[in-house]
Amino acid sequence: MKKLILMVGTGLGAGFSPFFPGTVGSLWGVLIYILLIKFTGYNILWQIIVSLVFIFLGIFISGECEKILKDRDSQSIVIDEITGFLVSTIGIPFSPFFLFLAFLFFRLFDITKPFSLQKLQNLPGGLGVIADDVAAGLLANLSLRILISMAGLS
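For every chain, the first residue of the written sequence is number 1, and numbering continues from 1 onward in sequence order. Only residues with pLDDT of at least 70 are given local features in this predicted model, and only at 80 or more are side-chain atom pairs given and counted; all residues enter the totals for whole chains, interfaces and linings. Note: side-chain values were computed over all heavy atoms of the structure, leaving out hydrogens and water.

A. Geometry of helix 4 (residues 79-88). For helix 4, the buried fraction is high: 10 of the 10 residues fall into the buried class. When accessible area is computed with a 1.4 Å probe and restricted to protein chains, residues below 20% of their type maximum are described as buried, those above 50% as exposed, and intermediate ones as partly exposed. Working definition: helices are DSSP H or I runs of at least four residues, strands are E runs of at least two. Numbering for both runs from the N terminus. When helix 4 is considered as a whole, its buried residues turn out to be Ile-79, Asp-80, Glu-81, Ile-82, Thr-83, Gly-84, Phe-85, Leu-86, Val-87 and Ser-88. Looking at the buried positions of helix 4, the neighbouring elements they touch are helix 1 (2-9), helix 2 (21-40), helix 3 (44-69), helix 5 (96-112) and helix 6 (125-151). Any two residues whose heavy atoms approach within 4.5 Å at even a single point are treated as in contact.

B. Seen up close, the packing of aromatic side chains. Between 30 and 60 degrees the pair is tilted, below 30 it is stacked and above 60 it is edge-to-face, where a pair is any two Phe, Tyr or Trp rings, Trp via its six-membered ring, whose centres lie within 6.5 Å. If you walk through the whole model with that rule in mind, you get 5 aromatic pairs. A ring pair is formed by Tyr-33 and Phe-85, whose centres lie 6.4 Å apart and whose planes are at 85°; its orientation type is edge-to-face. Of this pair, Tyr-33 sits in helix 2 while Phe-85 sits in helix 4; the two residues are 52 residues apart in sequence, bridging distant segments of the chain. Taking the relative accessible area as the measure of exposure, Tyr-33 reaches 3% and is therefore buried. Measuring from centroid to centroid gives 5.9 Å for Tyr-33 and Phe-94, while their planes differ by 40°, and the two rings are tilted.

C. Structural context of the nonpolar core. Within the largest apolar cluster, 35 residues are counted, with the highest numbers of intra-cluster contacts made by Tyr-33, Phe-54, Ile-79, Phe-85, Leu-86, Phe-109 and Leu-144. Every element with two or more residues in this core is listed here: helix 2, helix 3, helix 4, helix 5 and helix 6. Here the element with the most residues in this core is helix 6; it accounts for 9 residues. We call a set of buried Ala, Val, Leu, Ile, Met, Phe, Trp, Tyr and Cys residues a nonpolar core when their side-chain atoms join them within 4.5 Å.

D. View of the pattern of salt bridges. Salt bridge, as used here, is a side-chain nitrogen of Lys or Arg placed within 4 Å of a carboxyl oxygen of Asp or Glu. Under the counting rule described, the total for this entry stands at 4 salt bridges. We note a salt bridge from Lys-113 to Asp-132, for which the minimum N-O separation is 2.7 Å. Taken together, the residues span a long stretch of sequence, with Lys-113 in the loop between helix 5 and helix 6 and Asp-132 in helix 6 at a distance of 19 residues. Beyond isolated ion pairs, a larger network of salt bridges with shared partners links Arg-107, Asp-110, Lys-113 and Asp-132.

E. Seen up close, the side chain of Lys-113. Residue classification places Lys-113 among the buried residues on the basis of a relative accessible area of 16%. Looking at Lys-113, its side chain comes within polar contact range of the side chain of Asp-132, at 2.7 Å. Those residues in contact with Lys-113, other than ones at most four positions away along the chain, are Leu-108, Gln-118, Gln-121 and Asp-132. Whenever two N or O atoms come within 3.5 Å, that pair is a polar contact, provided that in protein one can donate a hydrogen and the other can accept it, and provided that, for residues adjacent in sequence, both atoms are side-chain atoms.

F. Highlighting the side chain of Ser-88. For Ser-88, the location among the structural elements is in helix 4. The exposure class assigned to Ser-88 is buried, which follows from its relative accessible area of 0%. Among the polar contacts made by the side chain of Ser-88, one reaches the main-chain carbonyl oxygen of Phe-85 at a distance of 2.5 Å.

Pasting the structure below:
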């Protein structure tokens, strides 16, 4: 069971990348999003459901990974980045350009943690691992919506 938890929590090992494990892990979110769009069409309900599943699964998995790795919010745990990226794309029209911008905004907010997002990491266990990435995803989503609206791109 520990191997399965680590496999899921580290994005099939993407979190062990020697360079930018969070960014590499986020690419799984891109793949999952593309598959979701391919198999469900542009369906916001499915985007919400999948994101919620990842949030709740991510809280459990990342909490267990912390115990196994004996490391609080280890950079090897990337299910939080996958989850945050999925949140950043909810309801955003599908296009390669918007996908790129969602990825860029999400990574920017996840890395810089504006508005004291890092305080969310103080929440207990897996909730602390997931919360700041979900918040970064929400900020990315909002920023992308504002940009799309202002530029008349929708």
